[in-house]
Amino acid sequence: MTIPAPAGASALAAPLTSVEALVDGLGSVGYIASRRIATALYMAVNLQKPILVEGTAGVGKTELALSTAKLLGLPLIRMQCYEGLDEAKALYEWKYGKQLLYTQILKDRMGERLADALTMHEAMDRLHGMGDLFYSEPFLEPRPLMQALRHDEGCVLLIDEIDKSDEAFEAFLLEILSAYQVSIPELGTVVAKTPPIVFLTSNNVRDLGDALKRRCLHLHIPLPDAELEQLIVATRVPGIEQSLNEQLVSFVQALRTIDLRKSPSISETVDWARALILLHADSLNADLVHETLNVLLKFEQDIAAVEPQISQLLQPA
């Protein structure tokens, strides 16, 4: 998926003059970044190193890449990883339908070309020469990785949930992550004119290899403390009353102390805040929490475990 850069995008240098400028810049596009996050991003961009962003689902890993693209006015190219992802889906493939169509159209021409061949070897040599034409640029279908390398003005490349791919694909990425280039047998080596800003995200479904980690800067985004989470909610849900914001964040923070199959992350907190605003709530009570608990918790066993404790969890809030 490619998202075009917005018109009138500002120069890259402005938000990258310092870590503080990057914190302010990300805040201006709706991403509340800690200094640690901004420092890692500042180093990744200026050192031209990929950044591996780890953390539980919903803490803002993907959103960091989206916000960076928006802030810098760069197109975003996103590649979603999954088990079985291979070179053809990630880098390039040939337009086989177009090749077949052209072969049929040129069939008579090929016959004329081979008519005077005296030997099988001579005929094969001529066929090889014609075959090379079908593995040239007009028949190439670039996929996300090649699209990113070919953006002359640069782009943001998001390799999302790299831990869901297999080890073979992880190894395939090493050349791109270290040299911003890739080798294609039929065309040679494609080198990025302007290296993309690369984000790899991981939910720690599996351990990543040392070779990949060695090529990246590492950033772990933890769940936020109450003060930061309130700031995120206020940014993402404009107009929410401060008292309601404090209550719902306090309740979510209390939920995270319970042994649940999946504790609510920042994305669930924001969704819950929006749901409460939709219901015209100005404060929390046990009935309201009971009715909307499914927004925060995604497993029935977690809901069943929390329901008897709702009143108790609301007391600090």
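Scroll up a little and you will see the structure.
A.B. asks: Provide a residue-level description of helix α14 (residues 266–278), including the pertinent values.
C.D. replies: The terminal C-alpha atoms of α14 lie 18 Å apart, and with 13 residues this matches the ideal 18 Å at 1.5 Å per residue to within 8%. Listed in full, the buried residues belonging to α14 are Ile266, Glu268, Thr269, Val270, Trp272, Ala273, Ala275 and Leu276. Positioned one or two residues after α14, histidine 280 has a phi angle of 60°, which is positive.

A.B. asks: With reference to specific residues and values, describe the nonpolar core.
C.D. replies: If you look at soluble globular proteins, the nonpolar side chains tend to sit buried side by side. Grouped together as the largest cluster of nonpolar side chains are 61 residues, with contacts concentrated most on Phe199, Phe251 and Leu284. The leading source of residues in this core is helix α13 (residues 242–255), at seven residues. Residues within four places of leucine 284 in sequence aside, it is in contact with Leu244, Gln247, Leu248, Phe251, Trp272, Leu276, Val289 and Leu314. Ranked by size, the runner-up nonpolar core spans 30 residues in total, among them Ile77, Leu145, Met146 and Cys155.

A.B. asks: Account for the side chain of serine 67, naming residues and giving values.
C.D. replies: Turning to its location among the elements, serine 67 is positioned in helix α3 (residues 61–72). The class of serine 67 is buried, set by a relative accessible area of 2%. Excluding residues within four positions of it along the chain, serine 67 makes contact with Leu26, Val29 and Tyr31.

A.B. asks: Can you tell me about the environment of glycine 60, naming the residues and giving the values?
C.D. replies: For glycine 60, the location among the structural elements is in the loop between β2 (51–54) and α3. Classification of glycine 60 by relative accessible area gives buried; the value is 17%. Linking glycine 60 and serine 267, residues 207 residues apart in sequence, is a C-alpha distance of 7.7 Å. Apart from residues lying up to four places away in sequence, glycine 60 is in contact with Tyr31 and Ile221.

Thresholds applied
Residues numbered from 1 in each chain as written. Predicted model: local features only at pLDDT ≥ 70, side-chain atom pairs only at ≥ 80, totals over all residues. Heavy atoms only, no water. Helix = DSSP H or I, 4+ residues; strand = E, 2+ residues; numbered from the N terminus. Expected span 1.5 Å × (residues − 1). Buried < 20%, exposed > 50% of the residue type's maximum accessible area, 1.4 Å probe, protein only. Core = buried A, V, L, I, M, F, W, Y, C linked by side-chain atoms within 4.5 Å. Contact = heavy atoms within 4.5 Å.

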